[in-house]
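# A structural walkthrough
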Amino acid sequence: MKILVLGAGAVGGYFGGRLVEKGEDVTFLVREARQKQLTEHGLVINSVHGDVKLQPKTILAGEAVIPFDLILFATKSYHFHNAIEAIKPYIGDQTLILPLLNGYQHFDQLKEMFGQEKILGGLCFVEATLNENGEVVQTSPTHQLSFGELKGGTSVRVEAIREVFSGTKTVFHLSENIVQDIWHKYLFITTLSGITTLMRSAIGPIREEGETFIEQLFEETATIMRAVGAPIADGIERKHMETVRKQSYTMKSSMLRDMEKSYPTEADHIQGYLLQLAEQHRVQAPLLTLVYRNLRVYEKNN
Ligand SMILES: NC(=O)C1=CN([C@@H]2O[C@H](COP(=O)(O)OP(=O)(O)OC[C@H]3O[C@@H](n4cnc5c(N)ncnc54)[C@H](OP(=O)(O)O)[C@@H]3O)[C@@H](O)[C@H]2O)C=CC1
Ligand SMILES: CC(C)(CO)C(=O)C(=O)O
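About the cut-offs
- Residues numbered from 1 in each chain as written.
- Chains lettered and ligands numbered in written order.
- Predicted model: local features only at pLDDT ≥ 70, side-chain atom pairs only at ≥ 80, totals over all residues.
- Heavy atoms only, no water.
- UniProt positions renumbered as here; feature names shortened; annotations may be inferred.
- Helix = DSSP H or I, 4+ residues; strand = E, 2+ residues; numbered from the N terminus.
- Domains from an automatic or database assignment.
- Contact = heavy atoms within 4.5 Å.
- Buried area = accessible area lost by both parts, 1.4 Å probe.
- Salt bridge = Lys/Arg side-chain N within 4 Å of Asp/Glu carboxyl O.
- Polar contact = N/O pair within 3.5 Å; in protein donor to acceptor, adjacent residues only side chain to side chain.
- Nonpolar A, V, L, I, M, F, W, Y, C, P; charged D, E, K, R; others polar.
- Core = buried A, V, L, I, M, F, W, Y, C linked by side-chain atoms within 4.5 Å.
- Buried < 20%, exposed > 50% of the residue type's maximum accessible area, 1.4 Å probe, protein only.
- Expected span 1.5 Å × (residues − 1).
- Axes fitted to C-alpha atoms, helices over the stretch in contact; angles between N-to-C directions.
- Parallel < 35°, antiparallel > 145°, perpendicular 65-115°, else oblique.

As annotated in an unreviewed UniProt entry, the protein is 2-dehydropantoate 2-reductase from Anaerobacillus alkaliphilus. The annotation that UniProt attaches to the protein under Sequence similarities (unreviewed entry) is "Belongs to the ketopantoate reductase family." Under the UniProt heading Catalytic activity (unreviewed entry), the entry covering the protein gives this text: "(R)-pantoate + NADP(+) = 2-dehydropantoate + NADPH + H(+)".

## Digging into the UniProt feature "domain: Ketopantoate reductase C-terminal" (unreviewed entry) in the protein
This chain's UniProt record puts "domain: Ketopantoate reductase C-terminal" (unreviewed entry) on residues 177-299. Counted over residues 177-299, helix gives 72% and strand 0%. Its end C-alpha atoms are 35 Å apart.

## Description of the domain arrangement of the protein
As far as domains go, the protein holds domain 1 (3-176) and domain 2 (181-301). Relative to domain 2, the C-alpha centre of domain 1 lies at a distance of 24 Å. Across the contact, 22 residues belong to domain 1 and 19 residues belong to domain 2. Both sides together, the interface formed by domain 1 and domain 2 hides about 2000 Å², and carbon and sulfur atoms give 56% of it. It is Asn-102, Tyr-104 and Glu-127 in domain 1 that bury the most area against domain 2; as a group they hold 30% of the surface buried on that side. At the boundary of domain 1 with domain 2, the tally comes to two salt bridges. Here Lys-76 ties to Asp-258 by a salt bridge, and the two come within 2.6 Å at their closest N and O atoms. At the junction of domain 1 and domain 2, the tally comes to eleven residue pairs in polar contact (both at pLDDT 80 or more). Here the residues of the side of domain 1 that touches domain 2 sort into nine nonpolar, ten polar and three charged.

## Some details on the nonpolar core
Among the nonpolar cores identified, the biggest contains 65 residues, and Phe-73, Ile-87, Trp-183 and Tyr-186 are the most heavily contacted of them. Residue contributions to this core peak at ten residues, all from helix α6 (residues 178-199). For this core, the two domains that each supply at least three residues are domain 1 (3-176) and domain 2 (181-301). Ile-87 has contacts with Leu-4, Leu-6, Leu-29, Ile-71, Phe-73 and Ile-97, leaving out every residue within four places of it along the chain. One finds Val-20, Leu-43, Leu-70 and Phe-147 within the second-largest nonpolar core, a separate group that totals 34 residues.

## With respect to the environment of Leu-110
Considering the arrangement of structural elements, one finds Leu-110 in helix α4 (residues 105-114). In sequence terms Leu-110 and Ile-97 are 13 residues apart; their C-alpha atoms lie 8.7 Å from each other.

## Remarks on the side chain of Thr-95
Assignment of secondary structure puts Thr-95 in strand β7 (residues 91-99). Among the polar contacts made by the side chain of Thr-95, one reaches the main-chain amide nitrogen of Gly-92 at a distance of 2.7 Å. Not counting the four nearest positions on each side in its chain, Thr-95 is found in contact with Pro-67, Phe-68, Asp-69, Ile-71, Tyr-90 and Lys-118.

## Overview of α6
With 22 residues, α6 should cover 32 Å at 1.5 Å per step; its first-to-last C-alpha distance of 31 Å lies within 8% of that length. Taken across its 22 residues, α6 has 19 buried, putting it largely inside the fold.

## Examining the packing of helix α8 (residues 212-227) against helix α12 (residues 286-301)
For the pair α8 and α12, interaxial distance at closest approach is 8 Å and the crossing angle is 105°. With respect to their mutual orientation, α8 and α12 come out roughly perpendicular. Residues Phe-213, Gln-216, Leu-217, Glu-220, Thr-221 and Ile-224 of α8 touch α12, and the partners they reach there are Pro-286, Leu-287, Leu-288 and Val-291. Classifying every residue of the contact of α8 with α12 by side-chain character gives seven nonpolar, two polar and one charged.

Below, the structure written as structure tokens:
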């Protein structure tokens, strides 16, 4: 299976790198500076699940145009529209696109552009970032990529992907209810990135100050999701709260890590989109609004 990974950042570099390590046919579509870094230093993964240095195949947009079987879409949301243009030449009749971005809005956009049949559901749980040398640093026990048919169930094509994804040093999980998984992850990340960026802190000190704000943010966000008919399970807020309690003291969201580097955030794509939905459905969301305003002010000052 010919796999194209769009973006060799933290997520694309980690999961794409684990596939290269296994020996799969993976090419990274990158931009010039990243290509230079990868050519000179290799794709380096420093991980609690094992370090590796790889020399992956890379291309720049427009080079080596052939249709790929599978495209892992792993850019930030603010690069989404440019990145779409970059992958268009590599999409053939049989190509499947598996997005790994946090949030939900991009699925509707991809379905509208390429047709529902070409888009798989996808998400990942991994705490990863690029260090100043461009190495992927992966720091906590969880490292799972989930994928599946947006219409639910299984199919010959996702079973074939499962086969290709098997036997790596990371966890690839074929989900038969990926849309629910995506919304559950969206609930988790909206709250976790929101609270860690609001407090400018890893989760440990925030928990010590009291968990009420975290619980309220989960509840508020879940209320919006239920109002729009998102398929989230009863009691998911409590389950997510338990997951938050289990995180290491130093655990940070990728949004906070980006803030620490003065990078842009995905506030519009994650919190902002939910607030638009809240307004449309007349749901009050004062805490989420505060979280979002904090991110907007940060963006203005950076
Ligand atoms: N990091 C994490 O722990 C997690 C992140 N996520 C989500 O995954 C998504 C990706 O995040 P993450 O990997 O952290 O982001 P990074 O910024 O680390 O990586 C994104 C990569 O995309 C590349 N890129 C952007 N536009 C293009 C383009 N047109 N062509 C080629 N490459 C491009 C960037 O390359 P360049 O170097 O050229 O800018 C960058 O290397 C986000 O939605 C995030 O919320 C989900 C779970 C965990
Ligand atoms: C919370 C976490 C680390 C889980 O994967 C995440 O998705 C992010 O920070 O972007």
